[in-house]
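# Coordinates in review
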Amino acid sequence: MIKKCLFPAAGYGTRFLPATKSMPKEMMPIVNKPLIEYGVDEAIEAGITGMCIVTGRGKHSLMDHFDKNYELEHQISGTNKEALLEDIRATIDAASFTYIRQKEMKGLGHAILTGRELVGDEAFAVVLADDLCLNLEDGVLSQMVALYKQFRCSIVAVEEVPEDETHKYGVISGEEMRDNLYRVDNMVEKPEQGTAPSNLAIIGRYILTPDIFDILEKTEPGKNGEIQITDALLKQAQSGCVLAYKFKGERFDCGSVEGFIQATNYCYENIYLKSDAPNQPQKTVKTG
Ligand code: G1P
């Protein structure tokens, strides 16, 4: 039903310089797995098989990551290290990857519009890999796809944030239709302190119906002179319906150093230590 997921991945990741000087920020690892791979796995879990990645200059390693590395495979074939490649092999086999370059950086709305050729005329998901969303039982995109099946309109993921942080996000307001689900009546991109319509902030997971592309084409630059998906979604909400969904799960802002460290600690404890990866720390056996 939702077959494609768009990953805007052309940004520079300046908050992580110098690490991101020559490495895409989406390739920064949370424990032993790049951020974007978490997003791709979340999409696969939601039944999505077409990954459409909007890239920019210097993002080659991202493409190489979702491809076979024959030299490496040959080198570790038959050793106990082979198990370390199992997950990424499964990810590569489960999905197809297409790429398009964003020539100019004109905002998230512009990045999404750049992906139009890859997505075509169907509803699609969007994942901002910086926002790591984890629900080990039912992934956040999977929750949203289930809602899309019921309502067939654009859906944004939202989370309650402290009032003094609303200026960092797109913020919605709307009528609560049922638990955790709102019909959006207003959306503001990064409102000035004290002017936010609520404390429900948009998190980097969207399901968008394809009419959003025509709306984006007509959307004038907004906050910070950029074409904002939030502005286009507000037009969609005013002429039709947009839902906001307060998802179940943990979310880490891996675009900030604090969020990145929290995500690392969480994944180390809840995923890595509970897996049987062969490079885990050896448990010390006390003798005597
Ligand atoms: C983007 C969106 C914003 C949203 C945020 C979520 O902003 O424009 O509406 O709240 O992602 O992470 P950015 O963080 O790219 O500035």
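Predicted model only: the values in this text are computed from it and were never measured.

## Observations regarding the overall build of the protein
Counting its regular elements, the protein contains ten helices and 13 strands. For a compact globule of 288 residues, the expected C-alpha radius of gyration is about 19 Å, and the protein comes in at 20 Å, within 12% of that figure. Within the protein, the fraction of its 288 residues that count as buried is 49%. Sequence separation of 24 or more characterises 76% of the internal contacts of the protein that already satisfy a separation of 6 or more. When the accessible surface of the protein is totalled, it reaches about 14,600 Å², and 48% of it is carbon and sulfur. Computing the positive centroid from 31 side-chain charges and the negative centroid from 43, the protein places the two 2 Å apart.

## Notes on the packing of aromatic side chains
Taken as a whole and judged by the stated rule, the model has five aromatic pairs. With centroids separated by 5.3 Å and ring planes inclined at 50 degrees, the aromatic side chains of F252 and Y266 adopt a geometry described as tilted. Taken together, the residues F252 in strand 13 (residues 250-253) and Y266 in helix 10 (residues 257-272) connect sequence positions 14 residues apart. Owing to a relative accessible area of 7%, F252 belongs among the buried residues under this scheme. Y266 sits in the partly exposed class, given a relative accessible area of 22%. A centroid spacing of 5.7 Å and a plane angle of 20 degrees characterise the contact between Y268 and Y272, whose relative ring orientation is stacked. Here Y272 and Y268 lie together in helix 10, a separation of four residues that amounts to about one turn. Exposure remark for Y272: the relative accessible area of 10% places this residue in the buried category. When the ring centre of Y38 is taken as reference, the NZ or CZ atom of K33 above it lies at 4.6 Å.

## Looking at the pattern of salt bridges
Pairing between side chains of opposite charge can happen when the charged atoms of each approach one another. Tallied over the full model, the rule gives 17 salt bridges. Of the charged contacts in the structure, one is a salt bridge between R89 and E82, with a shortest N-O distance of 3.7 Å. Overall, E82 belongs to the partly exposed group, its relative accessible area being 26%. The salt bridge involving E192 is made with K223; its shortest N-O contact spans 2.8 Å. Within this pair, whereas E192 is found in the loop between strand 10 (181-189) and strand 11 (200-208), its partner K223 is found in the loop between helix 8 (211-218) and helix 9 (229-239), the two being separated by 31 residues in sequence. Shared partners join several salt bridges into a network, and the residues in it are K3, K4 and E122.

## A few points about the site of the ligand
Close to the ligand lie L108, L128, D131, Y169, G170, E189, K190, I202, G204, Y206, Q228 and T230. The backbone of G170 places a nitrogen or oxygen atom 2.9 Å from an oxygen atom of the ligand. Between the ligand and E189 there is a distance of 2.7 Å, counted from an oxygen atom to a side-chain nitrogen or oxygen. Coverage of the ligand by the protein chains reaches 74% of its 380 Å² of free accessible surface. Residues of the shell around the ligand, tallied by class, amount to five nonpolar, four polar and three charged.

## Here we look at the UniProt feature "domain: Nucleotidyl transferase" (unreviewed entry) in the protein
Taking the numbering used here, the UniProt-annotated feature "domain: Nucleotidyl transferase" (unreviewed entry) corresponds to residues 9-265. For residues 9-265, the helix share is 33%, the strand share is 26%, and the end-to-end C-alpha distance is 24 Å.

## A short note on the nonpolar core
Ranked by size, the top nonpolar core spans 44 residues in total, and within it C5, I36, I48 and M51 carry the most contacts. Ranked by residues supplied to this core, first place goes to helix 7 (residues 140-151) with six residues. Aside from chain neighbours lying at most four places away, what touches I36 is F7, E26, M27, I53, L62, F66 and A129. Ranked by size, the runner-up nonpolar core spans 33 residues in total, among them C52, F124, I202 and I229.

Definitions and cut-offs
- Residues numbered from 1 in each chain as written.
- Predicted model: local features only at pLDDT ≥ 70, side-chain atom pairs only at ≥ 80, totals over all residues.
- Heavy atoms only, no water.
- Helix = DSSP H or I, 4+ residues; strand = E, 2+ residues; numbered from the N terminus.
- Rg over C-alpha atoms; globule rule 2.2 N^0.38 Å.
- Buried < 20%, exposed > 50% of the residue type's maximum accessible area, 1.4 Å probe, protein only.
- Contact = heavy atoms within 4.5 Å.
- Areas by Shrake-Rupley, 256 points an atom, 1.4 Å probe, with all protein chains shown as cover.
- Lys, Arg positive; Asp, Glu negative; His and termini not counted.
- Charge placed at Lys NZ, Arg CZ, Asp CG, Glu CD.
- Phe/Tyr/Trp six-rings, centres within 6.5 Å; stacked < 30°, edge-to-face > 60°.
- Lys NZ or Arg CZ within 6 Å of the ring centre and 35° of its normal.
- Salt bridge = Lys/Arg side-chain N within 4 Å of Asp/Glu carboxyl O.
- Near = heavy atom within 4 Å.
- Polar contact = N/O pair within 3.5 Å; in protein donor to acceptor, adjacent residues only side chain to side chain.
- Nonpolar A, V, L, I, M, F, W, Y, C, P; charged D, E, K, R; others polar.
- UniProt positions renumbered as here; feature names shortened; annotations may be inferred.
- Core = buried A, V, L, I, M, F, W, Y, C linked by side-chain atoms within 4.5 Å.

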